[in-house]
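Chain and residue survey
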Amino acid sequence: PGPQLPHDPSKKNLVILGSGWGATSLLNSLEAEDYNVFVISPRNYFLFTPLLPSVATGTLSPRSIIQPTRYVTRHMKRQVTVIEASATDVDPINQTVTFAGKYFQNTSEVQGLVSSTTMKYDYLVYAVGAETQTFNIPGVRENACFMKELDDAEKMQRRFLDCVESAAFPGQSKEEVDRLLHMVVVGGGPTGVELSGELHDFLEDDLRSWYPELADSIKITLVEALPSVLPMFSKQLIDYTESTFKAAKIEIMTKTMVKEIKEKSVVLQMPDRTVAEVPCGMVVWAAGNTLRQVTRDLMAKLPAEQTNRRGISVDESLRMNGAQGVFAIGDCTATSYAPTAQVAAQEGAYLARVFRQLARRDRLAEELDDARRVPDDSAERKAKVEGLERQVAKVEKIRPFKYSHQGSLAYIGSDKAIADLPFFSSGNLATAGVATYLFWRSAYLSKLFSLRNRALVATDWIKVKIFGRDVSRE
Ligand code: FAD
Ligand code: NAD
């Protein structure tokens, strides 16, 4: 890329919080020369979440599904400042955001937050996503693995291999081997289902060859509090998933609630309300999302307008109700749409169009001011002013955001996927099986934002097909 224009003090400051689906989709279409753009996120990369369960089971390497944010911003016409930091406070009255960088000391563990800075924004795009919901259930944070960030997937993979290697240690009792090899996944939403399917593939494709003596002792249980898994999919796809899991020997326990997670067991409330303590080696917690503290704090500053406990309320143009210059997108908002990547990405792309329009409006308003200031009473000047006034009024109106659902897709293991696809204007096409799996693969490859990531993911898939997954423990 050639040299970029520097920041221009006469332009407005556009601050984007986050580098996930919403923020990255905005950056991909944003015309940055109109603004001084700052991206603030504790992650200096975009994470392609749909393929995270594949990293957890070693099908894909972690680096294949992330893209540094600077890969996007370096191609923009004007310089975009990327800051690796977390927003700790947003003041919607004075239009400022405070953020703090991470502090590492000879370790990869974050030691704390340092160098807190406050900056002013003209526009703020609030796209910080959500965090894992634990419902304050005892032992979840201490003893379970999450499935939200790249770290989580890497930790889960290590934990899984720990269990397998410990079970392979000579002289273990059968009881202990069974415990170590019992993998419990909590949450029958798409994350829990996809992860269970991927765990099963790992077992069938690789562990059976590398640890033949253990393969038959491995057990996967999926626990769901509601009466069925995948409530967002159509009934026939739920049935298909349940029968595929049954054939794969993945046990689904519905109407069963996790009450506590201990170091070596999980406490379940069964459908008949009795309580059972089940020994296990690993628990993966995929029980949904909740708001981040910084979002709760921001909402608390606008108590009259922000009353929805699910998230930030926005108007039809995604402006945060009650806040001047703030747009909110993705999982941190409460809208009529599901908290998905598909929604966040469309919202981000929509905001890029909004910012283009706002920049055009500002340019026209400036031209209008200049034209009005000219001391000239000629008909020509009057016509110019009226023409500009009409144009300003036209760009003033922003078209509301409209979501277009492209369908729901999920991988369920055993080379099978399920898909609910919109069919013409009102119908729905539900498909499942191996062909759908090939569709899943090609759809996800095409959704990866960069050619580089597509090449890395495709190479990983080929490597695993030829050589199997790597079972060495780092
Ligand atoms: P995110 O993508 O989570 O991005 C939030 C960003 O904000 C991150 O960069 C984060 O680091 C940053 N951030 C956090 N705190 C701060 C702070 N204080 N200040 C500044 N920045 C901050 N959806 C689908 O549609 N299809 C799928 O197949 C699918 N699969 C999924 C699989 C998994 C395992 C998971 C966990 C989710 C999946 N989803 C899927 C859901 C999808 O990932 C989310 O809906 C989507 O990420 C929401 O986008 P977002 O931009 O709101 O948040
Ligand atoms: P989710 O909220 O969809 O599912 C969590 C499940 O955990 C719920 O069904 C809930 O009943 C259950 N649960 C909660 N507490 C429990 C407990 N104590 N014991 C037992 N079960 C409990 O969460 P998710 O699967 O992480 O999905 C989050 C969002 O991301 C959703 O909008 C989803 O559509 C989207 N997503 C989509 C895909 C896809 O399209 N392939 C994949 C992953 C995620």
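Rules used in this analysis
Residues numbered from 1 in each chain as written. Chains lettered and ligands numbered in written order. Predicted model: local features only at pLDDT ≥ 70, side-chain atom pairs only at ≥ 80, totals over all residues. Heavy atoms only, no water. Near = heavy atom within 4 Å. Polar contact = N/O pair within 3.5 Å; in protein donor to acceptor, adjacent residues only side chain to side chain. Areas by Shrake-Rupley, 256 points an atom, 1.4 Å probe, with all protein chains shown as cover. Helix = DSSP H or I, 4+ residues; strand = E, 2+ residues; numbered from the N terminus. Nonpolar A, V, L, I, M, F, W, Y, C, P; charged D, E, K, R; others polar. Expected span 1.5 Å × (residues − 1). Buried < 20%, exposed > 50% of the residue type's maximum accessible area, 1.4 Å probe, protein only. Arc of directions from axis to C-beta. Contact = heavy atoms within 4.5 Å. Axes fitted to C-alpha atoms, helices over the stretch in contact; angles between N-to-C directions. Parallel < 35°, antiparallel > 145°, perpendicular 65-115°, else oblique. Left-handed = near helix turned anticlockwise from the far one by under 90°. Pairing = 2+ DSSP bridges. pLDDT = per-residue confidence, 0-100. Lys, Arg positive; Asp, Glu negative; His and termini not counted. Salt bridge = Lys/Arg side-chain N within 4 Å of Asp/Glu carboxyl O. Phe/Tyr/Trp six-rings, centres within 6.5 Å; stacked < 30°, edge-to-face > 60°.

Things to note about the site of ligand 2
Neighbouring residues of ligand 2: 26 residues in total, closest Thr191, Glu224, Ala225, Val258 and Leu409. Within the backbone of proline 190, an N or O atom sits 3.2 Å from an oxygen atom of ligand 2. Take valine 258: an N or O atom from its main chain is 3.0 Å from a nitrogen atom of ligand 2. Across the complex, the protein chains shield 79% of the 850 Å² of accessible surface that ligand 2 would expose by itself.

Quick look at the site of ligand 1
Among the 30 residues in the neighbourhood of ligand 1, the closest are listed as Gly22, Thr49, Ala87, Asp331 and Tyr444. Between an oxygen atom of ligand 1 and a main-chain N or O atom of serine 19, the distance comes to 2.9 Å. If ligand 1 stood free it would expose 1,000 Å²; the protein chains cover 89% of that surface. Among the secondary structure elements, those contributing two or more residues to the shell around ligand 1 are helix H1 (21–29), strand S2 (35–41), strand S5 (80–91) and helix H11 (341–373). At three residues, the largest contribution of residues to the shell around ligand 1 is made by H11. Here the shell around ligand 1 is built from residues that sort into 14 nonpolar, twelve polar and four charged.

As for helix H13 (residues 434–447)
With 14 residues, H13 extends 20 Å between its outermost C-alpha atoms, agreeing within 8% with the 20 Å of an ideal straight helix rising 1.5 Å per residue. Of all the positions in H13, only Thr436, Tyr437, Trp440, Ala443 and Tyr444 are classed as buried. One side of H13 holds all its buried residues, which, seen down the axis, span an arc of 125°. Among the exposed residues of H13, those pointing more than 90 degrees away from its buried face are Ala435 and Leu438. Contacts made by the buried residues of H13 are with helix H7 (190–210), strand S20 (408–413), strand S21 (416–423), strand S22 (427–433) and helix H14 (451–467).

Quick word on the environment of cysteine 280
Mapped onto the fold, cysteine 280 is located in the loop between strand S16 (275–279) and strand S17 (282–285). Sequence spacing of cysteine 280 and leucine 180 is 100 residues, and the spatial spacing of their C-alpha atoms is 5.8 Å. For cysteine 280, the contacting residues outside a window of four places in its chain are Arg179, His182, Val184, Lys264, Ser265 and Val266.

Regarding the packing of H1 against H11
Interaxial distance between H1 and H11 falls to 7 Å at its minimum, and their mutual angle equals 40°. Considered as vectors, H1 and H11 are oriented oblique to each other. Judged by the sense of rotation from one axis to the other, the crossing of H1 with H11 is right-handed. Between H1 and H11, the residues in contact are Trp21, Gly22, Ser25, Leu26 and Ser29 and Ala341, Ala344, Ala345, Gly348, Ala349, Leu351, Ala352, Phe355 and Arg356, respectively. Residues that form the contact of H1 with H11 fall into these classes: nine nonpolar, four polar and one charged.

A short note on the sheet that holds strand S14 (residues 257–261)
In spatial order, the strands read S14-S15-S16; together these three strands make up an open sheet with antiparallel pairing. Looking along the sheet, the strands with just one partner apiece sit at the ends: S14 and S16. Averaged over all neighbouring strand pairs, the angle between strand axes comes to 30°, with direction disregarded. The pairing of S14 with strand S15 (residues 265–269) spans four bridges and is classified as antiparallel.

So, the confidence of the model for the protein
Overall, the predicted model of the protein reaches an average pLDDT of 93, with 97% of residues at or above 70. Reported confidences for the modelled complex are a pTM of 0.95 and an ipTM of 0.98.

A look at the side chain of glutamate 224
For glutamate 224, the position within the fold is in the loop between strand S12 (219–223) and helix H9 (235–247). Buried charge without a salt bridge: glutamate 224, with lysine 255 as the nearest opposite-charge side chain at an N-O distance of 12 Å. Reaching out from glutamate 224, the side chain makes a polar contact with the backbone nitrogen of leucine 226 at a distance of 2.8 Å.

Remarks on the pattern of salt bridges
Going through the model one piece at a time under the given rule, you end up with 20 salt bridges. With a closest N to O distance of 2.5 Å, arginine 469 and aspartate 206 form a salt bridge. Of this pair, arginine 469 sits in the segment after H14 while aspartate 206 sits in helix H7, and the two are 263 residues apart along the sequence. Overall, the relative accessible area of 6% leaves arginine 469 in the buried class. The exposure class of aspartate 206 is buried, given its relative accessible area of 3%. For aspartate 362, the salt bridge goes to arginine 361, with nearest N and O atoms at 3.2 Å.

Let's talk about the packing of aromatic side chains
Centre-to-centre distance and the angle between the planes together describe a pair of aromatic rings. Here the structure, examined in full by the defined rule, presents 17 aromatic pairs. Each ring, one from tyrosine 35 and one from phenylalanine 355, has its centre 5.6 Å from the other, and the planes form 75°; the classification is edge-to-face. Taken together, the residues span a long stretch of sequence, with tyrosine 35 in strand S2 and phenylalanine 355 in helix H11 at a distance of 320 residues. The two residues tyrosine 35 and phenylalanine 355 agree in class, both being buried. Ring geometry for tyrosine 350 and phenylalanine 401: centres 5.4 Å apart, planes at 70°, overall edge-to-face. Taken together, the positions of tyrosine 350 in helix H11 and phenylalanine 401 in the loop between helix H12 (379–396) and S20 put the pair 51 residues apart, joining distant regions of the chain.

Let's talk about the packing of helix H5 (residues 150–168) against H7
Put simply, H5 and H7 touch, their axes get as near as 13 Å, and they point 45° apart. Classified by the angle between their axes, H5 and H7 sit oblique to one another. The hand of the H5/H7 crossing is right-handed. Contact with H5, carried on its side by Met156, Phe160, Leu161 and Val164, involves Leu195, Leu199, Phe202 and Leu207 of H7 and no other residues of that element. In terms of residue class, the contact of H5 with H7 is built from eight nonpolar, no polar and no charged.

Re the sheet that holds S17
By definition, the strands of a sheet pair up through backbone hydrogen bonds, in either a parallel or an antiparallel sense. In spatial order, the strands read S10-S17-S11-S12-S13; together these five strands make up an open sheet with parallel pairing. The outermost strands of the open sheet, each flanked by one partner alone, are strand S10 (145–146) and strand S13 (250–253). Pairing analysis gives two bridges linking S10 to S17, with the strands arranged parallel. Across the sheet, the residue bridging to cysteine 145 is valine 284, located in S17. Along the sheet, H5 makes contact with S10, strand S11 (182–186) and S17, crossing S17 at roughly 160°. Against the sheet, H7 touches S11, S12, S13 and S17, its axis set at about 175° to S12.

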